[in-house]
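Structure at a glance
Single-letter residue listing:
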Amino acid sequence: MRAIWKGAVSFGLVNVPVRLYSATENHDVSFRQVHREDGGRIRYQRVCSIDNEPVSYDDIAKGYETEDGDMVVLTDEDFKDLPAASSKEIAVQKFVPADQIDPMLLDRSYYLEPDKSATKPYILLRDALEHADRMAVVTVSIRTRMTMAVLRVKDGVIVMQTMLWPDEVRAADFATLDEDAHATSKELDMANMLIESLAGDYDPDEYEDDYAIALEALVKAKLEGGEVRQAPERKEETGEVVDLLAALAKSVEKAKAARGEAPAASAEADEEADEKTAGKPASATAAKKASGSSRPGAAKKTAQKAPAKKAAAKKTASKTASKSAAKKTAKKAS
């Protein structure tokens, strides 16, 4: 066994260092929720009910919901102001008769093991409890909250059993049970005969969990028969990263729109168009751009500008030729 807590039992001036062990364990067969079709595990995500966004553990707080549905959020700072005991001490308050402790108040059971140097005072406390036929009522803080518990002896070992608070035990208030109604003497005689016929000593080995045994046998049979589904493990993605990437992408698109730039999808389309037209003649590309212009009459203006440029070029060439002829004539005359 592995100790879950270390502290000391103190009564009067006696201090007994001890280690705490869980005295019980659960043997129930545990199951996982899986997809019926392929055996994949079902995963859950922490999502806020208001904005439907995933929430990280750092952003989760405790909330107290009122009967009207209002929520009171409590932070770590709020809990720091509450009375909390962190003492590593099992303090004996009093020794009471064992029959005064209602078994319904008992909760979880733990074994107390003494340190090697505290064996003698441990044995002294154990023998005193057995001799007095009493239980020690103690206070202890196993985690953060202080709780009540009792110390008693079982098989030569001191056992600590935590207790419920009195207001945690419900009252049995049933209208169908009348306090004045009792069984007749004849009925009691027959019931006593039945009790005597079933009387005996309690032996735990006489009882077994039939359901758990049958369930384990069923699982073992399926394993031996090869009825096993091995679903591939998926790498869990945190919602925080996905949200961050989505937010960054939206921010980039918004910034581009504010500057009048084309969105990412349009830019990719333009790049693809440029790659397709890279090997075509310039005239074809110009004609394509002119035909795809969004302004009405853009193609006509382009067509009109081409003849005008040609006419201007002809005029310039004729003027240059006239000037050259005039210069030659002047030279001959001289």
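Residues numbered from 1 in each chain as written. Predicted model: local features only at pLDDT ≥ 70, side-chain atom pairs only at ≥ 80, totals over all residues. Heavy atoms only, no water.

Quick word on helix α3 (residues 185–197)
- The terminal C-alpha atoms of α3 lie 19 Å apart, and with 13 residues this matches the ideal 18 Å at 1.5 Å per residue to within 8%.
- A small share of α3 lies buried, amounting to zero of its 13 residues. (Helix = DSSP H or I, 4+ residues; strand = E, 2+ residues; numbered from the N terminus. Expected span 1.5 Å × (residues − 1). Buried < 20%, exposed > 50% of the residue type's maximum accessible area, 1.4 Å probe, protein only.)

Some details on the packing of aromatic side chains
- In total, this model carries one aromatic pair according to the counting rule given.
- On the numbers, 5.9 Å between centres and 20° between planes, the contact of Tyr202 with Tyr207 is stacked. When sorted by exposure, Tyr202 lands in the same class as Tyr207, which is exposed.
- The ring of Tyr57 carries Arg46 above its face, with NZ or CZ at 3.9 Å from the centroid.
- The positively charged end of Lys62 is found above the aromatic ring belonging to Phe79, 5.5 Å away from the centroid. (Phe/Tyr/Trp six-rings, centres within 6.5 Å; stacked < 30°, edge-to-face > 60°. Lys NZ or Arg CZ within 6 Å of the ring centre and 35° of its normal.)

Concerning unusual backbone geometry
- Positioned with a positive phi, Asp133 is a non-glycine residue whose angle comes to about 50°.
- For Asp133, the position within the fold is in the loop between α2 (119–132) and β7 (134–140).
- What makes Asp133 exposed here is its relative accessible area of 56%.
- Notably, Asp155 is not glycine yet its phi reads approximately 55°, a positive angle.
- Tracing the sequence through the fold places Asp155 in the loop between β8 (147–154) and β9 (157–163).

Concerning the side chain of Thr147
- Locating Thr147 in the fold gives a position in strand β8.
- The class for Thr147 is buried, based on a relative accessible area of 17%.

Structural notes on the side chain of Thr162
- Structurally, the position occupied by Thr162 is in strand β9.
- When residues no more than four places from it in sequence are discounted, the contact partners of Thr162 are Leu105, Leu106, Asp107, Arg108, Tyr110, Ile142, Thr147, Met148 and Ala149. (Contact = heavy atoms within 4.5 Å.)

Examining the confidence of the model for the chain
- Residues with a pLDDT of 70 or more make up 73% of the chain, whose mean pLDDT is 78.
- Scored below 50 in pLDDT, residues 277–310 shows seven contacts in the model against residues more than four places distant or in partner chains.
- Segment residues 325–334: pLDDT under 50, and zero contacts once partners within four positions in sequence are set aside and those in other chains are kept. (pLDDT = per-residue confidence, 0-100.)

Here we look at the pairing of strand β5 (residues 89–97)
- When strand β1 (residues 5–11) meets β5, the two strands line up parallel, connected through three bridges. Residue Ala8 lies in a different strand from β5, and its bridge partner there is Glu89.
- Alignment of β5 against β7, held across six bridges, turns out to be antiparallel. Along β7, the bridge assignment pairs Pro97 with Arg134. (Pairing = 2+ DSSP bridges.)

What about a negative patch on the surface?
- Taken together, the side chains of Asp28, Glu208, Asp209, Asp210 and Glu216 present a region of like negative charge at the surface.
- Tracing the backbone shows Asp210 in helix α4 (residues 210–224). (Patch = residues over 30% accessible without salt bridge, like charges linked within 9 Å, V, L, I, M, F, W, Y side chains within 5 Å. Areas by Shrake-Rupley, 256 points an atom, 1.4 Å probe, with all protein chains shown as cover. Salt bridge = Lys/Arg side-chain N within 4 Å of Asp/Glu carboxyl O. Lys, Arg positive; Asp, Glu negative; His and termini not counted. Charge placed at Lys NZ, Arg CZ, Asp CG, Glu CD.)

Focus on the nonpolar core
- Judged by nonpolar contacts, the single largest core of 23 residues is most densely connected at Val9, Ile90, Leu112, Leu151 and Met160.
- Mapped by element, the contributors of at least two residues to this core are β1, β2 (14–22), β5, β6 (106–114), α2, β7, β8 and β9.
- When sequence neighbours within four positions are dropped, the list of residues in contact with Val9 reads Val14, Asn15, Val16, Val18, Ile90, Val92, Leu112, Leu125 and Leu151.
- Ile101, Met135, Val137 and Val150 belong to the second-largest nonpolar core, a separate cluster that totals eight residues. (Core = buried A, V, L, I, M, F, W, Y, C linked by side-chain atoms within 4.5 Å.)

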